[in-house]
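Report on the structure
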Amino acid sequence: EGVKVGMITTLSGGGAGLGIDVRDGFMLAVKQSGRDDIEVVIEDDQRKPDIAVQLADKMIQSEKVDVMTGIIWSNLAMAVVPATVAQGKFYLSPNAGPSALAGKGCHPNYFNVAWQNDNLHEAAGAYATSAGYSNSFILAPNYPAGQDALTGYKRTFGGELAGELFTKLGQTDYAAEIAQIRASGADSVFFFLPGGMGISFLKQYADSGIDIPVVGPAFSFDQGILQAVGDAALGVVNTSQWSKDIDNPTNAAFVETFQAEYGRLPSLYASQGFDTANLLISALATASPADADAFRAALKAADFDSTRGDFAFGPNHHPIQDIYAREVIKEGDVFTNKIIGVALEDHADAYAAECKM
Amino acid sequence: MTLLTLRNVEASYGVSPALFGVDLSLQPGEVMALMGRNGMGKSTTVKAICRMVPTRGTLQFDGHDLSRLPSHRAARLGIGLVPEGRRCFSSLTVSQNLSAAARPGHWTFETVTKLFPRLAERRDQKAATLSGGEQQMVAIARALMTNPRLLILDEATEGLAPLVRQEIWAALTELKRSTGMSIILIDKSLGELSRICERATILERGTTVWSGAMSDVTPEISTRYIGV
Amino acid sequence: MSERMVNSVVLIGLCAVPIWALLVDEPFTITLATRAVIFALAAVGLNIALGWGGLVSLGHAVFFGLGGYAMGILAHHAQTFTPVMEWPFLIEGTKSMPVIWLVAMISAGVAALVIGLLSLRTAGVYFIMITLAFGQMFYYFAISWAEYGGEDGLSIYVRNDFPGLNTLVPIHFFALCFVILCIVLFINARLIKSPFGLALNAARQVPTRVETVGMDPVRLKLVAFVISGVITGLAGALFADLNRFVSPTMFSWQMSGEIMIFVILGGVARLFGPVVGAVLFVVLEHFLGGLSNYWHIYLGLLLLIIVLFARGGIIGLLCGRGRLHD
Amino acid sequence: MSTILIIEQVLNGLQFGVMLFLMAAGLTLIFGVMGLINLAHGSLYMIGAFAAAAVAGLTGSFLLALFAAMAAAAMAGVLIETVVIRRLYATDHLDQVLATFALILIFSEGTRWVFGSFPLFLDIPDAVSGPVSLPGGIQYPLYRLVLIAVGLAVGLGLALLINRTRNGVQIRAGENDREMIAALGVDISRLYTLVFALGAALAGLAGALVGAIQSVQVGMGEPVLILAFVVIVIGGIGSIKGAFVGALLVGLTDTLGGIFLPELFKLFTDAATATSAGSALASMAIYILMGAVLIWRPTGLYGARA
Amino acid sequence: MTNPVLATHNLSKSFGALTATDDVTLDLRAGEIHAVIGPNGAGKSTLIAQICGGLTPDRGRIEFLGRDVTQEPTRLRARAGLGRTFQISALAMEDSVLQNVMLGALGAMGRPWQFLRPALRDNALRDRAEAALARVGLTDARAKRTAELSHGQRRQLEVAVALSLQPKAFVMDEPMAGLGSEGSRQLTGFLDSLRADAPILLVEHDMDAVFALADRISVLVYGKVIETGTVAEIRASKAVRDAYLGGEA
Ligand SMILES: Nc1ncnc2c1ncn2[C@@H]1O[C@H](COP(=O)(O)OP(=O)(O)OP(=O)(O)O)[C@@H](O)[C@H]1O
Ligand SMILES: Nc1ncnc2c1ncn2[C@@H]1O[C@H](COP(=O)(O)OP(=O)(O)OP(=O)(O)O)[C@@H](O)[C@H]1O
Ligand SMILES: [Mg+2]
Ligand SMILES: [Mg+2]
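Residues numbered from 1 in each chain as written. Chains lettered and ligands numbered in written order. Predicted model: local features only at pLDDT ≥ 70, side-chain atom pairs only at ≥ 80, totals over all residues. Heavy atoms only, no water.

1. Let's talk about the interface of chain E and chain C
Each partner contributes residues to the interface: chain E has 40 residues there, and chain C has 32 residues. Roughly 3,200 Å² is buried in total at the junction of chain E and chain C, and carbon and sulfur atoms are behind 64% of that figure. Area buried by chain E at its contact with chain C is led by E:R75, E:L103 and E:F115, which between them contribute 20% of it. Inspection of the chain E/chain C interface yields three salt bridges. (Contact = heavy atoms within 4.5 Å. Buried area = accessible area lost by both parts, 1.4 Å probe. Salt bridge = Lys/Arg side-chain N within 4 Å of Asp/Glu carboxyl O.)

2. Some words on the environment of D:G185
Considering the arrangement of structural elements, one finds D:G185 in the loop between α7 (178–183) and α8 (188–211). Note on D:G185: relative accessible area 4%, which makes it buried. In this view, D:G185 contacts B:H72, B:A75, B:R76 and B:R103; residues no more than four positions away in its chain are not counted. (Helix = DSSP H or I, 4+ residues; strand = E, 2+ residues; numbered from the N terminus. Buried < 20%, exposed > 50% of the residue type's maximum accessible area, 1.4 Å probe, protein only.)

3. Section: the pattern of salt bridges
Side-chain pairing between opposite charges can occur once the charged atoms of the two side chains come close. Applying the stated criterion to the full structure yields 50 salt bridges over all chains. Of the charged contacts, one joins A:R308 and A:D275 as a salt bridge, the two residues approaching to 2.9 Å between their closest N and O atoms. Of the two residues, A:R308 sits in the loop between α12 (292–301) and β11 (312–313) while A:D275 sits in helix α11 (residues 268–284), which places them 33 residues apart along the sequence. Its relative accessible area of 3% is what places A:R308 among the buried residues. Its relative accessible area of 0% is what places A:D275 among the buried residues. Between E:R216 and E:D27 there is a salt bridge; the shortest N-O distance is 2.7 Å. Residue E:R216 is found in strand β9 (residues 216–221), and its partner E:D27 is found in strand β2 (residues 18–28); the two are separated by 189 residues along the sequence. One network of salt bridges, in which partners are shared, links A:D21, A:R23, A:D24 and A:R264.

4. Section: the coordination of the magnesium ion (ligand 3)
All names here are of chain B. S43 (OG) and E84 (OE) make up the full set of protein donors to the magnesium ion (ligand 3), lying at 1.9 to 2.1 Å. One end of the pair, S43, is in helix α1 (residues 42–49); the other, E84, is in the loop between β6 (79–82) and α3 (94–101), with 41 residues separating them in the sequence. For E84, a relative accessible area of 23% gives the class partly exposed. (Donors = N, O, S within 2.8 Å, 3.2 Å for Na, K, Ca; no water.)

5. Examining the site of ligand 1
Neighbouring ligand 1 are 19 residues; B:G39, B:S43, B:T44, B:E84 and E:E148 lie closest to it. Per-site note: the chains with residues close to ligand 1 are chains B and E. Here B:N38 contributes a side-chain N or O atom positioned 2.8 Å from an oxygen atom of ligand 1. A distance of 2.9 Å separates an oxygen atom of ligand 1 from a polar backbone atom of B:G41. Bound to the protein, ligand 1 loses 85% of the 630 Å² it would expose on its own. (Near = heavy atom within 4 Å. Polar contact = N/O pair within 3.5 Å; in protein donor to acceptor, adjacent residues only side chain to side chain. Areas by Shrake-Rupley, 256 points an atom, 1.4 Å probe, with all protein chains shown as cover.)

6. Overview of the state of the cysteines
All told, the structure shown has one disulfide over all chains when counted by the stated rule. The thiol of C:C15 is not disulfide-bonded; the next cysteine sulfur, from C:C182, is found 7.4 Å away. (Disulfide = S-S within 2.5 Å.)

7. Focus on helix α1 (residues 16–33) of chain A
Residue and element names in this part refer to chain A. An ideal rise of 1.5 Å per residue puts 26 Å on 18 residues; α1 measures up with 26 Å between its terminal C-alpha atoms. Of all 18 residues in α1, 14 are buried, a share of seventy percent or more. Just past α1, the residue G34 takes up positive phi, approximately 70°. (Expected span 1.5 Å × (residues − 1).)

8. Re the sheet that holds strand β6 (residues 82–85) of chain E
Residue and element names in this part refer to chain E. Pairing is mixed across the open sheet formed by six strands, whose spatial order is β6-β7-β8-β3-β9-β10. Edge positions in the sheet fall to β6 and β10 (224–229), since each of these pairs with one other strand and no more. Recorded for the sheet is a direction-independent mean angle of 15° between the axes of neighbouring strands. Here strand β3 (residues 33–37) runs beside strand β8 (residues 200–203); their pairing, made up of four bridges, is parallel. (Pairing = 2+ DSSP bridges. Axes fitted to C-alpha atoms, helices over the stretch in contact; angles between N-to-C directions.)

9. Some details on the site of ligand 2
What surrounds ligand 2 is a group of 23 residues, the closest being B:S131, B:G133, E:K44, E:S45 and E:T46. Bordering ligand 2 are residues originating from chains B and E. Take B:Q125: an N or O atom from its side chain is 2.9 Å from an oxygen atom of ligand 2. For ligand 2, an oxygen atom lies 2.7 Å from a polar atom in the side chain of E:H205. For ligand 2, whose accessible area on its own is 640 Å², the fraction buried by protein is 88%. When residues of the shell around ligand 2 are traced back to their parent elements, those giving at least two are α6 (132–145) of chain B together with β2 and α1 (44–52) of chain E.

10. With respect to the domain arrangement of chain E
Residues and elements named next belong to chain E. By domain assignment, chain E separates into domain 1 (1–81 + 167–249) and domain 2 (90–166). One C-alpha centre belongs to domain 1, the other to domain 2, and the line joining them spans 25 Å. Opposite the 16 residues of domain 1 that make contact, domain 2 presents twelve residues. Of the roughly 1,100 Å² buried between domain 1 and domain 2 on both sides combined, carbon and sulfur atoms contribute 64%. For the domain 1 face of the interface with domain 2, the top three residues by lost area are P167, L179 and F190, together amounting to 39%. At the boundary of domain 1 with domain 2, the tally comes to one salt bridge. Counting every contact that joins domain 1 to domain 2 gives three residue pairs in polar contact (both at pLDDT 80 or more). (Domains from an automatic or database assignment.)

11. Considering unusual backbone geometry
The phi dihedral of B:N8 is positive, around 50°, even though this residue is not glycine. Secondary-structure assignment places B:N8 in strand β1 (residues 4–13). The phi dihedral of E:D23 falls on the positive side, at around 55°, and the residue is not glycine. Its location among the elements puts E:D23 in strand β2.

12. A look at the arrangement of the chains
The structure contains six pairs of chains in contact, of which chains C and E account for the largest number of contacts. Contact between chain B and chain C is absent, and the minimum C-alpha spacing across the pair is 11 Å.

13. As for a positive patch on the surface
Residues C:R4, C:K193, E:R117 and E:R121 make up a contiguous surface patch of positive charge. Within the secondary structure layout, E:R121 lies in the loop between α3 (97–108) and α4 (123–136). (Patch = residues over 30% accessible without salt bridge, like charges linked within 9 Å, V, L, I, M, F, W, Y side chains within 5 Å. Lys, Arg positive; Asp, Glu negative; His and termini not counted. Charge placed at Lys NZ, Arg CZ, Asp CG, Glu CD.)

14. Focus: the pairing of β8(E)
All names here are of chain E. Burial of the side chains of β8 extends over both faces: I200 and L202 are buried on one face and L201 and V203 on the other. Of the strand pairs in this sheet, strand β7 (residues 169–173) and β8 are connected by four bridges, and their pairing is parallel. Bridge assignment links M172 to a residue of β8, and that residue is L202.

15. Considerations on the interface of chain C and chain A
Counting residues at the interface gives 30 residues for chain C and 26 residues for chain A. Taken over both partners, the interface formed by chain C and chain A buries close to 2,600 Å², and the fraction arising from carbon and sulfur atoms is 52%. Taken together, the connections running from chain C to chain A amount to three salt bridges. The closest approach of N and O atoms between A:K48 and C:E258, which form a salt bridge, is 3.3 Å. Elements supplying a minimum of two residues to the side of chain C that touches chain A: α2 (27–52), α5 (124–143), α9 (217–243), α11 (273–289) and α12 (295–309) of chain C. Looking at the side of chain C that touches chain A element by element, the count peaks at six residues for α2(C). Broken down by class, the residue content of the side of chain C that touches chain A amounts to twelve nonpolar, eleven polar and seven charged. (Nonpolar A, V, L, I, M, F, W, Y, C, P; charged D, E, K, R; others polar.)

16. With respect to the pairing of strand β13 (residues 334–347) of chain A
All names here are of chain A. For strand β12 (residues 319–331) and β13, the ladder comprises ten bridges, and the chain directions are antiparallel. Among the inter-strand pairings, Y324 is bridged to a residue of β13, identified as V342. Here β12 folds back onto β13, and the loop between the two strands holds two residues, one of which, G332, carries a positive phi near 65°.

17. Here we look at the sheet that holds strand β5 (residues 110–112) of chain A
All names here are of chain A. Judged by pairing direction, the sheet is parallel, and its five strands sit side by side in the order β2-β1-β3-β4-β5 without closing on themselves. Among the strands making up the open sheet, the edge pair consists of β2 (38–44) and β5. Put simply, the sheet's adjacent strands are angled 20° from each other on average, direction ignored. Pairing geometry for strand β1 (residues 3–9) and β2, over seven bridges, is parallel. Its bridge partner being in β2, I8 is matched across the sheet by E43. Lying on the sheet, α11 is in contact with β1, β2, β3 (67–69) and β4 (90–93); it crosses β4 at an angle near 145°.

Printed below as a string of structure tokens:
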């Protein structure tokens, strides 16, 4: 039974790297499945919510897709997902996991294959506690995902806060924040600064000569971005549900074939795209999207081999999974991550209880 | 040898034509009046010489084919322009207005301000705040600072007090005598033109309708083409 | 080609394409056309300030966004059955388009009045920048305004209602927007020929002259700015309804820039300039998107060719300089 | 908050200001002096940073990287000026807006096409990395002091060029009346190309210098563009001194606003609200500053009064 | 003696160290042409700018039709009937000649706040504008774009705009500038006839015109009125000859 998938993701402009990785991971899985009845329509949202909405309309009205996926950013997901599932389509999120869609706004047709936004930050908090830190300085940009990040960290962190700062979205100079950190007497720093913000922060932090250890979610230490940060990232512990050295056959094969196919190491996002596609393929083996209930049940079963090992959906269709602590190392010329432990085991998100489904 | 020759020159502003056939020739050291009623193409002729409008026809200056040159190259051959409406560089000071145009020669800041003492007084004032007449002085001084061989004055005495005007005429006459500079003059005062100019060219509807010695401009001709 | 003819062709085309799409069952084309119409409306608004008033506003996203948020906030409260505010008097949310439009237009108008009063103290490039500054203030405010979603924005699950129409049917909503555009264009056409238009036009070119014949150029421009803001605000409300979603990107300077691009692309101070510009932009964006990952390069090149070779925008290219008057 | 921290933050603000000035310096020439609205200025900045990253990656020399940045940006500048901008001098600002907007699209995606979608690596050379101790015990990154020095030098050079040289005067005359200055024998086209190239080279230099402590990625130029415009407009178009003062003001406002506004709000509300409301206001601070300056002085601090 | 239409009392205005208007008291009476002459930079345009409202005087008072208008904005003075022409043409270059003149009529009739009715169909406006055009002899050019007019034609248009206001007094700054000799002569005749409509305060360097027209002449030097008198008196004044006229008297 065939299926038509609509993928809306960011393929141009500043954030294109993430979208390209999700797409490539996804398409790799589709290719490996050998099924030629999975048709994927791919569109570029330019990271603009209104474009994403328009493309979603197009996917649903003209392309008549059965399943949608691909969105990277929470604000775009918030724009697209509610309307999509309201029209009876399935949405599989390969990246964004805003809390609104995990709690009150959850929906039977919405499945998140990556994480709920807070998860990696919760893991960072848990790791910091277990590493014996007792006084953290935390900072994130002043927007919903940033606020969620700090909330997530605080949820699991056992110590005190030496300081809490919201930076401007898109800020590139962190001299002032770094001075605050230096003066705060903290024993650890947690930051969530996605994209270029994180690169800038880490470089400037390293140059400032402060040696307070840093913890953060994987986003600033992922394969695509790590080379640009360079030495400044060495030794930093970050949390992720995936790493290229997770020891299971699916992952080993994935890392190898991805590298062979695209000539670069896979990233977190590529793994998420890959898993999303495999989830879909596994569900198609038992049901067709035409039969929504059966298909939903098949998705819910999550009967596929994930690159991260054990994977299951919670009651709100968000993952229950291990989240690891990784350390940035240098392998030859290439910066990459090595798992140093599990930060949270079989972790589910904090909003599941609010979900009435 | 003639200094400047225009033969059958046509010019237009975008799609609307303004010159239909202007002929003019000027000898070195000559002072010529360019006359005609309002809107007959005097200023456009000047712009054609200074390469500020696209033209067809023959334009030669000192053996060079003007029609192929951009504006600044024409100017560097030695054509100095006092444009209609002054066109001072309004955000620059008086002295900057002058130095922007300066090329080596007789005319320097010192010599032009001898001609216009007022400009020395106002040297650091922005041109935008000068009085109308002061701006006109800047425009004339600026053209002189390029030390041209041919000076073109398009209504250069507009808005100047009679006394200053007399001084400028005197200076021009002196200039012509001492340096042999050629001059093309557009001015409304026929009396003054006939005192300084040797030759005259009269335009009507973008065409040369009369040219000859200034002394040959009879009352009939001036009544017919200029209205006085 | 006469401008009137080009205008008619554009209008008929804009109307015919969705009808064709309806017949061959291509609902998305209708949505796309609706998007073009709404952008056109926003740009028509800007054109009044920019084209005739000479007010190069890089802050029109403020009005667009205010319109959007007027819709978002009212509908959000209606959707969650909570009042917008209870004190000093009770205001309920609503899902009625006319009411939303009214609120959108009033709030955009008030904002335009205030911003205009302050900004009109400056001129030229300073005006561009001060309007940009206001835009950025609204943008950052919206981003951190957690109550209405911050950067995530607000989703409205069902399109708002208009009496007698099923607005969720693409062609119905298109018709609604199209009629509004036509009305605004008609008003615009009258406006520029009216005494006000004449005076505004002169106030742009020679404010001192306008003063010495007894009128206040700043006041003329202010009124034009407010009219302009109101129209763009209305477009914002429609745009939010089209997407059933609002977010701070509606306030972003890129949005202001895009609206301005529509106007310049089509032809500044041409009645149908903004319409042509918006339609062309939406079409390009849609069709070039499929060409390659790097389609922005093609879009850029096309725009560049248009500026370099079509002075006065597309309308200028097609019809040459406008006629002066009847 | 200790006095020493406050002093350090003021220093940070000033330093950020000088950095902004450095980023705005090229635009001061192109926009401030030549009067061109060049939205693609940020692209030139980006080109500089990418060229520097590429050359630093190949040769390992930061100095070579800086030269490459200036050369690449200057070349792009010459290309832009001769192919596009030159045809638009006669028309109004609006065509420049559209054309340079188109250039942003082309340059951004072109860069992505050449260098890929991921950020590049460009780091501070070892010689100037790490902190130094300032009087009062402040640990300050040496590289930032280098940036201050370069910023000041560029500012001084520009001021001399514009106000003291004849070419500077001619450029400004060209901005008033291009046709007229040409009719006086100045090859204004070539002069404009040169100055545009110089402005572009400065943008490229800033891209490389600042890129070393930020991320070198597609789209890095856009925030710079807006900030640079803000700085110039606050100072008053055409005034180098104004741009410098404007940059310092913006730098101080931004830095101190981000730090102190939340603290200030904490006096009135609970910590959580204060942090978010304070930083919300802080992100608007420079725009509020610009608005206020323009309302008070409609042509900026040092702009020509009408 | 009737009350003057327009009068200044002890008007002064400085730009920094420069006193551009220095204690100027003069008046304009019904039916007369009062010429103000003086060297370049003497402060004539500055004086006019104060009279019309573009500049605020540092000291002194301006009366128009018996009312103190010193603090009134330009547009209210214009609406009260002060018609002005500029030294450098201030015209809407992109608009047609007719539109420019209608602007004057519009302001005078106080009608800018009509949004939907085409201005060109407003016959009252249009007639008034056409009449003004006819009087300066630009009727044939009325559909032309103003930018296409020659310099001289623009000067004529400038006068026509002021005329369309049907003002109670004219203030003209160098209306002859740029006109050919024929044009100047025509305009001279025209201004002569205009004096019946409203008195004219005339700043002009064209002495033929001034001597032909002026009932009275005031001479401004360095911001001060050094003499006021009839044509004959001014011609005869040595001070005026030295400061301004030179040999031309
Ligand atoms: N910029 C322009 N665009 C279009 N037409 C123009 C332009 N400038 C002048 N013309 C037209 O060209 C013709 C010649 O104008 P020109 O300025 O050469 O006349 P002129 O003899 O100098 O008149 P004046 O004595 O009034 O200055 C006129 O009919 C005028 O309408
Ligand atoms: N804003 C200003 N700042 C400084 N000086 C000024 C300003 N405006 C005018 N001036 C000076 O004041 C003096 C008077 O100028 P004004 O324009 O009134 O002269 P005018 O009598 O009209 O001269 P003209 O006959 O040349 O037009 C001039 O010297 C001028 O430079
Ligand atoms: Mg002329
Ligand atoms: Mg004057």
